[in-house]
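# Architecture at a glance
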Amino acid sequence: MSDQLTSGLDKEDLRQLIADTIDVDLSEVTDDAHFVNDLEVDSLMALEITVRLEKRYGIKMEESELIAVSTLDSTYQLLDGKLRGGS
C-alpha cells in the first residue's frame, strides 16, 4: 500500500505531526506503536493530537472515532477515510 493514497494524505507528514505534538523522536512513531502503551501519551496529549489533526486536515472528529487514534496506522486509515468523504 502506498504511503500517500488518493486523498493526498502523506503518512510521513502525519508521523512528523504526531512526533512533534507528543515531543518524541520521529523514529519512535512507528506504524504500529501504540500511543498510550508504547509512547506514553496521556489524555491531554491525545486531545492535542486530535486538535492538531482537525486543524491540519480540516476535518471534525467524532467522539466515537477517537478510539481509532491509537497508532499511526489506525490514525492514517481514519483520516484517509474522512478525507475521501467516507464520513
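So, a few notes on the structure that sits alongside this text. Treat the numbers as computed from the prediction; the structure is a model and nothing was measured.

## So, the layout of surface pockets
Roughly 150 Å³ of internal volume is contained in the largest pocket. For the lining of the largest pocket, the class distribution of residues is eight nonpolar, three polar and no charged.

## Concerning the pattern of salt bridges
Going through the model one piece at a time under the given rule, you end up with eight salt bridges. Between K11 and D31 there is a salt bridge, and its shortest N-O distance comes to 3.4 Å. Of this pair, K11 sits in helix 1 (residues 11–22) while D31 sits in the loop between helix 1 and helix 2 (43–57); the two residues are 20 residues apart in sequence, bridging distant segments of the chain. In this structure K11 comes out as buried when scored by relative accessible area, which is 6%. The exposure class assigned to D31 is partly exposed, which follows from its relative accessible area of 30%. A salt bridge links D73 to K11; the nearest nitrogen and oxygen atoms lie 2.6 Å apart. You can see D73 sitting in helix 3 (residues 72–83) and its partner K11 sitting in helix 1, a full 62 residues away along the chain.

## Focus: the nonpolar core
Among the nonpolar cores identified, the biggest contains 22 residues, and L14, I18 and L53 are the most heavily contacted of them. Among the elements that make up this core, the one with the highest residue count is helix 1 (five residues). Residue contacts for L53: discarding those within four places in its chain leaves L14, L17, G58, I59, M61, V69, T75 and L79.

Basis of the calculations
Residues numbered from 1 in each chain as written. Predicted model: local features only at pLDDT ≥ 70, side-chain atom pairs only at ≥ 80, totals over all residues. Heavy atoms only, no water. 1 Å grid on protein atoms, 1.4 Å probe; cavity = no way out; pocket = protein on both sides within 12 Å on 5 of 7 lines; lining within 4 Å. Points joined across faces, edges and corners; volume = space filled by probe spheres on them. Nonpolar A, V, L, I, M, F, W, Y, C, P; charged D, E, K, R; others polar. Salt bridge = Lys/Arg side-chain N within 4 Å of Asp/Glu carboxyl O. Helix = DSSP H or I, 4+ residues; strand = E, 2+ residues; numbered from the N terminus. Buried < 20%, exposed > 50% of the residue type's maximum accessible area, 1.4 Å probe, protein only. Core = buried A, V, L, I, M, F, W, Y, C linked by side-chain atoms within 4.5 Å. Contact = heavy atoms within 4.5 Å.

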